[in-house]
There are 2 protein chains.
Amino acid sequence: MYRIGELATLFDVKTDTLRFYEKHGLLTSSTRSEAGYRLYSQDDAQKLRFIIRAKAVGFSLNDIAELLSIELDKANWACADVKGLVDTKLEQVQAKIAELEFFASSLNKLSQACCGGPDSAEHCSILEALESTDKELSPKVEHHLHAEKQG
Amino acid sequence: MYRIGELATLFDVKTDTLRFYEKHGLLTSSTRSEAGYRLYSQDDAQKLRFIIRAKAVGFSLNDIAELLSIELDKANWACADVKGLVDTKLEQVQAKIAELEFFASSLNKLSQACCGGPDSAEHCSILEALESTDKELSPKVEHHLHAEKQG
DNA sequence: ATAAACCTTGGAGTTAAATCCAAGGTCAAG
DNA sequence: CTTGACCTTGGATTTAACTCCAAGGTTTAT
C-alpha cells in the first residue's frame, strides 16, 4: 500500500491533485490507516495511471469518470448499456487517432522538407504541410473552403 | 473574406473565442474593414481549423502557438531549429497515438467481452481490459507495480 | 431613417483542474 | 519527548480557456 505522498511521487503529481480526484469521485483510496491516512492499493495505482493517460490525450475528468464507470456489475448495467457507452468512447478515441495521424504525417513532411529533402523548402509551415496532405474537411466547412479555393 | 460571426458559425465557436485567440496571438484576422471589422481570409480559416483539431487531441493553446510558430522564414529560423521543434512535437504526437491505440484495443476487448463473445464477462471494466493488454509501464512505475504483483 | 443584426473595445465572470494555505494530528529517529 | 517529515481537513487562490456584458459604432432591409 502507498501513502498519498508515495503515490504522488510515483506518478509525478501533487498530493493535492490526488485529494482533488477523490473529492470528484475519480480515485478514492481503497483504505485508510487507523490514523486516517489514505492507503492506496496496486489497483488504485493502476487506476491513477489510467486517469493520467486519458488526460494526456485530451479527455476531461468528466469523460474519464465515465470511462471508469464502465463496469459490468450485472446489477446496475445491462449488457447493451455497457456496449453503447464503450462504443461511443471507442469512436471518440478513433477520431482522435485519425487526427493525430494526420498531424504526424504533416510534421514528418515538414521535417523532411526542412533539411534538404527532395521537397526542400516547399512546405515551410505546419499549415502548408497539413494542406498538402488534406483530402477531407469537416463537412460543414468543406463547401466554403472549396468554393473560395477555386475562385 | 469572412466576418468574425461568419467564421465563428462556420467552425461552431463563439466570436468571443476568436477574439480571445487573437488576444493570445494564435489567430489574427489578416485584415480589417474600413470600419474596423475583422476580416478573415481562407488561410485564417485553415489556421483556425488546425487550432481546433490540435485542441481536440489534447494540445494546450501554448503548445499550439508553438506548432504554429514553426515557419521556415529563413531570416529568423535556422533549419536545424525548425527540425528540432518539429521533431519534438512529432514525438509528442506519436506518444499520444500510442496511448490512444492502447485505449482503443482495450475498449474493443471490453466491447467484445461484454456481449457474449468468447471472453464473455472476463474483462468487466476498462481497467481490467487495459491490464489484460498491458505489457509496458512507464519506467518510473514499472518496478513498483511488478514488485507488488509478484508478492 | 430607423430597427435589427451585425461589429468594436475593455473589463468582469465562469468553469475545470489544479494548487496553495493554515491549523492541527501522526510517526519514526535521535 | 521533541524535531521534522509526513498526514488530515476546509477553504482560498491560481491558471487556462473561455464566456458574458455594457456602451457604443456599422450595415442592411424595410
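Residues numbered from 1 in each chain as written. Chains lettered and ligands numbered in written order. Predicted model: local features only at pLDDT ≥ 70, side-chain atom pairs only at ≥ 80, totals over all residues. Heavy atoms only, no water.

## Some thoughts on the packing of aromatic side chains
We apply this condition: Any Phe, Tyr or Trp ring, taking Trp's six-membered ring, that has another such ring centre within 6.5 Å forms a pair; planes under 30 degrees apart are called stacked, those over 60 apart edge-to-face, and the others tilted. Numbering of helices and strands starts at the N terminus; helices are DSSP runs of H or I of at least 4 residues and strands are runs of E of at least 2. Exposed residues in this analysis have more than 50% of their type's maximum accessible area, buried residues have under 20%, and partly exposed residues fall in between, with area computed by a 1.4 Å probe over protein chains only.
What the rule picks out here adds up to 6 aromatic pairs over all chains. Seen from their ring centres, A:F50 and B:F103 are 5.3 Å apart, and the 20° between their planes marks the pair as stacked. Taken together, the residues A:F50 in helix 3 (residues 42-56) and B:F103 in helix 5 (residues 79-114) connect one chain to another. One exposure class covers both A:F50 and B:F103, and it is buried. Between B:F20 and B:Y21, the aromatic rings sit 6.1 Å apart at their centres with planes inclined by 55°, giving tilted as the arrangement. For B:F20, a relative accessible area of 36% gives the class partly exposed.

## Some remarks on the sheet that holds strand 1 (residues 2-3) of chain A
Residue and element names in this part refer to chain A. Here is the rule: When DSSP finds two or more bridges between a pair of strands, those strands are recorded as paired.
Strands sit in the order 1-3-2 across an open sheet of 3 strands; the sheet is antiparallel. Because the sheet does not close on itself, it has two edges, and the strands there are strand 1 and strand 2 (31-32). In this sheet, strand 3 (residues 38-40) lies alongside strand 2 in antiparallel orientation, the contact comprising 2 bridges. In the strand pairing of strand 3, T31 is matched with L39.

## So, the packing of helix 3 of chain A against helix 4 (residues 61-69) of chain A
All names here are of chain A. Inclusion rule: Helix axes are fitted only over the stretch in contact, all axes being lines through C-alpha atoms; the angle between N-to-C directions runs from 0 to 180 degrees. Each angle is binned into one of four classes, with values under 35 degrees roughly parallel, values over 145 roughly antiparallel, values of 65 to 115 roughly perpendicular, and all other values oblique. The hand of a helix crossing depends on one turn: near helix anticlockwise from the far one by less than a right angle means left-handed, and clockwise means right-handed. Throughout, a contact is declared for two residues whenever any of their heavy atoms are within 4.5 Å. Basically, the charged four are Asp, Glu, Lys and Arg, the nonpolar ten are Ala, Val, Leu, Ile, Met, Phe, Trp, Tyr, Cys and Pro, and anything else, Gly included, counts as polar.
For the pair helix 3 and helix 4, interaxial distance at closest approach is 10 Å and the crossing angle is 135°. In terms of orientation, helix 3 lies oblique with respect to helix 4. Between helix 3 and helix 4 lies a crossing of right-handed hand. Together, K47, F50, I51, A54 and K55 of helix 3 and L61, I64, L67 and L68 of helix 4 make up the contact between the two elements. Per-class residue counts for the contact of helix 3 with helix 4 are 7 nonpolar, no polar and 2 charged.

## Digging into the confidence of the model for chain A
Close reading of the predicted structure is inappropriate where its pLDDT is low. Rule in force here: pLDDT is a residue-level measure of predictor confidence that goes from 0 to 100.
Scored by pLDDT, chain A has a mean of 80; 69% of the residues are at 70 or more. Contacts for the low-pLDDT stretch residues 135-151 of chain A, under 50 throughout, to residues beyond four places or in other chains number 22 contacts.

## Overview of the sheet that holds strand 1 (residues 2-3) of chain B
Read across the sheet, 3 strands follow the order 1-3-2 (chain B) without closing on themselves; strand pairing throughout is antiparallel. In the strand order of this sheet, the two ends are held by strand 1 and strand 2 (31-32) of chain B, each with one partner.

## Structural notes on the protein's contact with DNA strand D
Rules: Proximity criterion: a residue is near a molecule or strand once any of its heavy atoms comes within 4 Å of it. We define a polar contact as two N or O atoms separated by no more than 3.5 Å, with the added condition that, inside protein, one atom must be a possible hydrogen donor and the other a possible acceptor, whereas residues neighbouring each other in sequence contribute only through side-chain atom pairs.
By nearness alone, 18 residues border DNA strand D, and A:G5, A:R38, B:D16, B:Y21 and B:Y37 come closest of all. Considering DNA strand D, the proportion of its atoms within 4 Å of the protein that are sugar or phosphate atoms stands at 74%. In this structure, B:D16 approaches DNA strand D through a side-chain N or O atom, which is 3.3 Å from a base nitrogen. A distance of 2.6 Å is found between a base nitrogen of DNA strand D and a side-chain nitrogen or oxygen belonging to B:Y37. For the surface near DNA strand D, the secondary structure elements donating two or more residues are helix 1 (4-11) of chain A together with helix 2 (15-23) of chain B. Here the surface near DNA strand D takes 4 residues from helix 2 of chain B, the largest share from any one element.

## Here we look at the pattern of salt bridges
Between side chains of opposite charge, a pair can form as their charged atoms come close. Residue and element names in this part refer to chain A. To be explicit about the condition: Basic side-chain nitrogens of Lys or Arg form a salt bridge, by our definition, when they fall within 4 Å of a carboxyl oxygen of Asp or Glu.
All told, the structure shown has 12 salt bridges over all chains when counted by the stated rule. One salt bridge connects D63 with K89, and the closest N-O pair in it is separated by 3.5 Å. With a gap of 26 residues between them, D63 in helix 4 and K89 in helix 5 (residues 79-114) connect regions that are remote in the sequence. Accessibility expressed as a relative area gives 2% for K89, which makes it buried. A salt bridge links K89 to E66, with the shortest nitrogen-to-oxygen separation between them at 3.3 Å. Of the two residues, K89 is situated in helix 5 and E66 in helix 4; the sequence distance between them amounts to 23 residues. With a relative accessible area of 36%, E66 lands in the partly exposed category.

## Regarding the protein's contact with DNA strand C
Within the structure, DNA strand C sits among 18 residues, and A:D16, A:Y21, A:Y37, B:G5 and B:R38 are positioned closest to it. The share of sugar and phosphate among atoms of DNA strand C within 4 Å of the protein is 74%. Side-chain polar atom of A:K55 to a phosphate oxygen of DNA strand C: 3.2 Å apart, as the coordinates give it. Take B:R19: an N or O atom from its side chain is 3.0 Å from a phosphate oxygen of DNA strand C. Of all the elements in the fold, those that place two or more residues in the surface near DNA strand C are helix 2 (15-23) of chain A together with helix 1 (4-11) of chain B. Sorting elements by how many residues they give to the surface near DNA strand C places helix 2 of chain A first, with 4 residues. Looking at the surface near DNA strand C residue by residue, the class counts come to 7 nonpolar, 4 polar and 7 charged.

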